[in-house]
Every structure is written in C-alpha cells, then in structure tokens.
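Residues per chain are reported as follows:
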Amino acid sequence: MKIAFIGTGVMGQSMAGHLLDAGHELVVYNRTKSKAQTLVDRGAIWADSPAQAAEGADLAIAIVGMPPDVEAVFLGEDGMLAASAPPPIMIDMTTSPPSLAIRIAEAAARQNVSFIDAPVSGGDVGATNGTLSIMVGGDEEAVLAVTPVLELMGRTIVHQGPAGCGQHTKMVNQILIAGGMLGMC
C-alpha cells in the first residue's frame, strides 16, 4: 500500500517506521525535514507538502502537534485534501478537539474521502514498541479497511463510533489519567 505519513516527530517516527518494516511504500512530510531523514534513509520518499505526500496515495496518516497543525495538514492550502487525487481514506492520530474531527470528516466527505480520527495513548514507548491504544472514530467500512495498518502501530484498537468519537474517548482517557494522578498526589 502507498501511505502518506505526515508528522515524523517523537511518536510519528516510530509509527511510520513500523509501516516501512511491514513493506508499505511510505511518502513522508514533516515541517522540519531533518526529523524525517532517518525514514528517508530507510526508503521513505520525501514530499514537500502534505498535499504532495497525499497525491495518489492509498491511505494518509497524520500525527502532528496541535489542533492548528491538524487543520493545516488536512484543510490548508497545501493540506492533504488539496491534492488533485487525495487518498480514499485519511486518518488523524493527533489528539485534538472532536469538533475539528467532525469538520474535517465533513470536508473530506464532500470529496468522497473517508476520514477517521484515531488518537493514541501509550506515549513514545508505545509508539516504539507498536503497542499503542488507538481510539477510533469514523465510518465502520473505512475503519475495517485500515485496521490491518492500525494493528502495525497499536495493540488495542477500538472503534468508538462515527467521526469525533475517537477524540471524545481520548478526552475521557485523559480525564481519567489526570484524576488518577491527582489521587496519587
């Protein structure tokens, strides 16, 4: 499968590496090109923008820093939905607001693209070991289609419902973790 991967930082570097290890063709983009160099050295193809990375791919995945970055990567002038031939399925694995996931899903649907929000839990150790927990929101058919790819990056993958539900579940996860930490203190 040809996969566009946007965001090769602390988490993305390892996650994208698992996709390469499984034999997928990987096209990568990161704001700081040097953070993608290890993947390029291993055979990934560099793209100069999210749109260029997504062009003609079978699947696109992003894990970036903050909600404005998510918005730019998917909806921006050089975002993945600006590609002339965007992938049929796009996944955002960043933790961001459920409302943003719904907005991206609606924009993607207008282009006949399925959008999945799939934030992760497990940190850099989980990313390195391929043992992330992945909370998934999106169309069931699209989720089933990408589950084998998600299984390369995570061990616990649960479809929570339509777009935005993965982000809602991650929010609950964070609240429970914070409550546990406060209790310990």
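Here we summarise the structure given alongside this text. (Residues numbered from 1 in each chain as written. Predicted model: local features only at pLDDT ≥ 70, side-chain atom pairs only at ≥ 80, totals over all residues. Heavy atoms only, no water.)

## Considerations on the side chain of Thr147
Structurally, the position occupied by Thr147 is in helix α7 (residues 140–150). For Thr147, the side chain forms a polar contact with the main-chain oxygen of Val143, separated by 2.7 Å. (Helix = DSSP H or I, 4+ residues; strand = E, 2+ residues; numbered from the N terminus. Polar contact = N/O pair within 3.5 Å; in protein donor to acceptor, adjacent residues only side chain to side chain.)

## A few points about helix α1 (residues 12–21)
Across the ten residues that make up α1, a large majority, eight, are buried. Among all positions in α1, only Gly12, Ser14, Met15, Ala16, Gly17, His18, Leu19 and Leu20 are buried. Gly23 sits one or two residues past α1 and shows a positive phi near 95°. (Buried < 20%, exposed > 50% of the residue type's maximum accessible area, 1.4 Å probe, protein only.)

## A word on the nonpolar core
Membership of the largest hydrophobic core comes to 31 residues, with the highest contact counts inside it found for Phe5, Met15, Ile61, Ile91 and Met93. Take this core: its biggest share by element is five residues, from α7. Aside from chain neighbours lying at most four places away, what touches Ile61 is Ile3, Ala4, Phe5, Ile6, Leu19, Ile91, Met93, Val149 and Met153. Formed by 26 residues, the second largest nonpolar core is a distinct cluster that contains Ala4, Ala53, Met90 and Ala105. (Core = buried A, V, L, I, M, F, W, Y, C linked by side-chain atoms within 4.5 Å. Contact = heavy atoms within 4.5 Å.)

## Some points on unusual backbone geometry
In this structure, Asn112 is a non-glycine residue whose phi angle is positive, near 60°. Relative to the assigned elements, Asn112 resides in the loop between α5 (98–109) and β6 (114–117).

Distances and angles like these do not, on their own, reveal function.
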